[in-house]
Amino acid sequence: MSATSVSKLESFPDRYIAAWNQRDVSTALEVLAPEFTWIDPLFPSDMPPREAASAFFAGVWQGFPDLQIEARGGPLVDAAGGRIAQPWRMTGTHTGEGFPPGIPATGRAFDVNGTGVWQVDAEGRATVLEATYDTMTLLRQLGLA
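These lines cover the structure that appears in this document, whether it is placed above or below.

1. Here's the deal with the overall build of the protein chain
Logical step 1: Across its full length, the protein chain holds four helices and six strands.
Logical step 2: Listed N to C, the secondary structure of the protein chain is α-α-β-α-β-β-β-β-β-α in terms of helices and strands.
Logical step 3: What you see for the protein chain is a C-alpha radius of gyration of 15 Å, in line with the 15 Å of a compact globule of 145 residues.
Logical step 4: Its C-alpha atoms give the protein chain principal-axis dimensions of about 45 × 30 × 25 Å.
Logical step 5: The proportion of buried residues among the 145 residues of the protein chain is 37%.
Logical step 6: Only carbon and sulfur atoms are counted for the fraction: they give 55% of the accessible area of the protein chain, which is about 7200 Å².
Logical step 7: Positive and negative side-chain charges of the protein chain, numbering 10 and 17 respectively, have mean locations separated by a distance of 4 Å.

Thresholds, definitions, all that
- Residues numbered from 1 in each chain as written.
- Predicted model: local features only at pLDDT ≥ 70, side-chain atom pairs only at ≥ 80, totals over all residues.
- Heavy atoms only, no water.
- Helix = DSSP H or I, 4+ residues; strand = E, 2+ residues; numbered from the N terminus.
- Rg over C-alpha atoms; globule rule 2.2 N^0.38 Å.
- Buried < 20%, exposed > 50% of the residue type's maximum accessible area, 1.4 Å probe, protein only.
- Areas by Shrake-Rupley, 256 points an atom, 1.4 Å probe, with all protein chains shown as cover.
- Lys, Arg positive; Asp, Glu negative; His and termini not counted.
- Charge placed at Lys NZ, Arg CZ, Asp CG, Glu CD.

Here it is in structure tokens:
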């Protein structure tokens, strides 16, 4: 396995955030390696690859049609480990039905800060995605806790 270039690492957070903000599943999947691990505090366990990721992207965009993610500051690069971290801010309004599953739209907005940490392969695709954010703040803002 060849090392990931620093330029691919440095550009990854912008590509990942753009994938979320553009709302097309096939384009969003382009930032993910064929096999990956996705860890998020609201997932019951690691997300199974591609099919679940496709459904997750589509579901989030349906539930939060105005979802936006923006980088906060610059990325932190671990070139030797092929990893990159990026603080971000995510906003949106829960106006769509069906996501989270079984939860009717609350009509409430959220605004949370978090950090993404990604392991990136030599082709510039994520093999590990780990999101950290305050889930209780998110759920309270949405009126779900």
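That covers the picture; the talk isn't over yet.
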